[in-house]
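Here is how the chains run, residue by residue.
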Amino acid sequence: MTVERTLSIIKPDATARNLTGAINAKFEAAGLRIVAQRRIRMTLDQAGAFYAVHAARPFYDELRSFMASGPVVVQVLEGEGAVAKNREVMGATNPAEAAEGTVRKEFALSIGENSVHGSDSAENAATEIAFFFSGLDIVG
Ligand code: RTP
Ligand code: MG
């Protein structure tokens, strides 16, 4: 497998509960390196643009309001098969279906307030990384 990068977001429900370090520890334990990281507060428009792919979904308004409701930590994770590995560490979207030991099993509050976002393909990872970071921000 090749070394790749993926975009991760620690969502407002997790920053509100001071879980950034606990979540980062899970990423690092899985061999993912945090090669860029920034704490930001998104506007409704920025959150809507980031999740534009879900614009037609019934949960879109709820999702962008939630993502703009408090601070988030945007980060680039690097490692062997980083996209799939991060999705594994995150667990299923719905915490009720997430495997033991995953971030969402341990920390998520609901299917919406589920603590983390992770890119779902290498192609989307490149687009999502460029949404928040310039090349100079990423130090591998
Ligand atoms: P993410 O994009 O945040 O990494 O999550 P995901 O791939 O596991 O799930 P996705 O289908 O892409 O959905 C994006 C986010 O929308 C919220 N959601 N709410 N109320 C609902 O039924 C519902 N379904 C999805 C979640 O915050 C989900 O992570
Ligand atoms: Mg997704």
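None of these values were measured; they are calculated from a predicted model.

Asks: Residue-level account of the pattern of salt bridges, with values.
Replies: Evaluation of the coordinates by the stated rule reveals five salt bridges. A salt bridge links Arg5 to Glu78; the shortest N-O distance between them is 2.8 Å. You can see Arg5 sitting in strand 1 (residues 3-10) and its partner Glu78 sitting in strand 3 (residues 72-80), a full 73 residues away along the chain. A relative accessible area of 33% means that Arg5 is categorised as partly exposed. With a relative accessible area of 14%, Glu78 lands in the buried category. The salt bridge involving Glu100 is made with Lys105; its shortest N-O contact spans 3.7 Å.

Asks: Residue-level account of the environment of Glu80, with values.
Replies: Looking at the secondary structure, you find Glu80 in strand 3. Remark: the alpha-carbon pair of Glu80 and Met1, spanning 79 residues in sequence, is separated by 5.9 Å. If we ignore the near neighbours within four places in the chain, the residues touching Glu80 are Met1, Thr2, Val3 and Lys85.

Asks: Which residues make up the sheet that holds strand 1, and what are the values?
Replies: Remark on secondary structure: sheet strands pair via backbone hydrogen bonds, oriented parallel or antiparallel. Strands sit in the order 2-3-1-4 across an open sheet of four strands; the sheet is antiparallel. Where the open sheet ends on each side, the last strands, each with one partner, are strand 2 (33-40) and strand 4 (116-118). Averaged over all neighbouring strand pairs, the angle between strand axes comes to 20 degrees, with direction disregarded. Pairing between strand 1 and strand 3: eight bridges, direction antiparallel. Looking at strand 3, one finds that Ile9 is bridged to Val74. Most of the contacts of helix 5 (residues 82-90) go to strand 1, to which it runs at about 35 degrees, and overall it touches strand 1, strand 3 and strand 4. Across the sheet, helix 7 (residues 122-132) lies against strand 1, strand 2, strand 3 and strand 4, angled at about 55 degrees from strand 1, the strand it touches most.

Asks: Mind laying out the site of ligand 1, listing which residues take part and the relevant values?
Replies: Around ligand 1 there are 14 residues in total, and Lys11, Tyr51, Thr93, Gly112 and Asn114 lie nearest to it. Within the side chain of Lys11, an N or O atom sits 2.9 Å from an oxygen atom of ligand 1. Measuring from an oxygen atom of ligand 1, one finds a backbone N or O atom of Gly118 at 2.9 Å. Here ligand 1, which alone exposes 560 Å², has 82% of that area covered by the protein. When residues of the shell around ligand 1 are traced back to their parent elements, those giving at least two are helix 5 and strand 4. Considered class by class, the residues forming the shell around ligand 1 number five nonpolar, six polar and three charged.

Criteria and thresholds
- Residues numbered from 1 in each chain as written.
- Chains lettered and ligands numbered in written order.
- Predicted model: local features only at pLDDT ≥ 70, side-chain atom pairs only at ≥ 80, totals over all residues.
- Heavy atoms only, no water.
- Salt bridge = Lys/Arg side-chain N within 4 Å of Asp/Glu carboxyl O.
- Helix = DSSP H or I, 4+ residues; strand = E, 2+ residues; numbered from the N terminus.
- Buried < 20%, exposed > 50% of the residue type's maximum accessible area, 1.4 Å probe, protein only.
- Contact = heavy atoms within 4.5 Å.
- Pairing = 2+ DSSP bridges.
- Axes fitted to C-alpha atoms, helices over the stretch in contact; angles between N-to-C directions.
- Near = heavy atom within 4 Å.
- Polar contact = N/O pair within 3.5 Å; in protein donor to acceptor, adjacent residues only side chain to side chain.
- Areas by Shrake-Rupley, 256 points an atom, 1.4 Å probe, with all protein chains shown as cover.
- Nonpolar A, V, L, I, M, F, W, Y, C, P; charged D, E, K, R; others polar.

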